[in-house]
Amino acid sequence: MTEKIKQLVDKVKELLEKASSVAEIGDIRVTFLGKSGEYTGLLRGLKDVAPAERGTIGKLINEGKVRLENMIAEKEAYFRKKEEAKKLASEKIDVTLSKGYLIGSTHPITKVKNEILDTFIGLGFAVKEGPEIETDYYNFQTLGIPADHPARDMQDTFYISENILLRTHTSPMQSRTMLSEKPPIRIVVPGKVYRADDDATHSPIFNQIEGLCVEEGISLAHLKNMLEIFAKSTFTKDTKVRFRPSYFPFTEPSVEVDISCSMCGGKGCRLCKGTGWIEVLGAGIVNPVVLENCGIDSKKYSGFAFGFGIDRIAMLKYGIPDIRLMYENDVNFLKQYK
Ligand SMILES: [Zn+2]
């Protein structure tokens, strides 16, 4: 019996050395220590052992069983660990790899802004940027906007204090430039502006481009020519421009500028409300009062100024129905404009 115990223990030892997986070790356990396993059978054979030896042999069988259990458990733990490591390695996510890279793209507003700036740079304009937090002085006073003008109302403007506000247009850079530079001046000013307004066509924050040209002998004809070049390069070569009389405090005369509808080509459609024209910007000849406020001799120099919303141009160019879409940062919306 002692011999039989030793034989089985050696046999299990040998099989364990050859084993190479948790599953194989499980099989060994069942084969030898299972309910009808070979080693378990020894205990059943104990009844045939002479009663005098039964205690000693029984003890040996139990010791052998404990040894086998330990050997199996040890080997099993070894392979379990190894297999887990292998599984982890195979399931590891390599964050540097992906199914096609998600490449970012330029926001439609930035794209349109850059295109427009390129056009004006080509016409000899310098690009200037100014502060978004402005003083009442630069935002209103120097531009000839009187204290009782509705644009200065709390309902329209975000005030920080009585004299500090979020600029309502990029025009303060006109006076800032005219106060610090001598003509000839040709600048375009892109930037964010703020107004207390929020619906499908108005956002409390939007982007403008302001243009200013102050030289000797500047007239509305120069303005119209520049804006025609802008309209044709931004939309199509066939785009037409028309002026309608208007009023702005800082220009005299002032004009509303329409372009022929990019969707119907002027025949009339839903976008242009059947008129064939779309209003895109306000412009005019710089009011002599503004020039004088900024220390420029209005008898010698004249100038034109214009301003428009980049967002509105982007909406027209890409057929975007709601301005708010451009500020929601929905990737599915933005990736259409790659
Ligand atoms: Zn139309």
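What you are looking at is a predicted structure, and each value in this text was computed from that prediction instead of being measured.

Engineer: I'd love a proper account of the coordination of the zinc ion, names of residues and values included.
Structural biologist: Looking at the zinc ion, one finds its protein donor set to be C261 (SG), C264 (SG), C269 (SG) and C272 (SG), positioned 2.2 to 2.3 Å from the metal centre. Metal-centred angles of 106 to 116° between the 4 donor atoms at the zinc ion mark the site as tetrahedral. Every donor residue of the zinc ion comes from the same chain, spaced as C-x2-C-x4-C-x2-C. In this pair, C261 is assigned in the loop between strand 7 (251-260) and strand 8 (277-286) and C272 in the loop between strand 7 and strand 8, connecting sequence segments 11 residues apart. The burial state of C261 is the same as that of C272; both residues are buried.

Engineer: Before we move on, can you summarise the nonpolar core with the specific residues and values?
Structural biologist: Ranked by internal contacts, the top residues of the largest apolar core, which has 44 residues, are L281, F304 and F306. Listing elements by their share of this core, those giving two or more residues are helix 5 (108-122), strand 5 (205-215), helix 8 (220-234), strand 7, strand 8, strand 9 (302-309), helix 10 (310-318) and helix 11 (331-334). Excluding its chain neighbours within four sequence positions, the residues that come into contact with L281 are L227, F230, V255, E256, V257, F306, G307 and F308. L16, I25, L46 and I61 belong to the second-largest nonpolar core, a separate cluster that totals 21 residues.

Engineer: Give a description of the side chain of T142 that names residues and reports values.
Structural biologist: Take T142: it is sitting in the loop between helix 6 (136-139) and strand 3 (164-166). Separated by 3.2 Å, the side chain of T142 and the backbone oxygen of Y138 make a polar contact. At 2.9 Å, the side chain of T142 forms a polar contact with the side chain of S175.

What counts and how
- Residues numbered from 1 in each chain as written.
- Predicted model: local features only at pLDDT ≥ 70, side-chain atom pairs only at ≥ 80, totals over all residues.
- Heavy atoms only, no water.
- Donors = N, O, S within 2.8 Å, 3.2 Å for Na, K, Ca; no water.
- Tetrahedral: all angles 85-135°; square planar, octahedral: opposite > 155°, others 65-115°.
- Helix = DSSP H or I, 4+ residues; strand = E, 2+ residues; numbered from the N terminus.
- Buried < 20%, exposed > 50% of the residue type's maximum accessible area, 1.4 Å probe, protein only.
- Core = buried A, V, L, I, M, F, W, Y, C linked by side-chain atoms within 4.5 Å.
- Contact = heavy atoms within 4.5 Å.
- Polar contact = N/O pair within 3.5 Å; in protein donor to acceptor, adjacent residues only side chain to side chain.

Any link to function would need more than the numbers given here.
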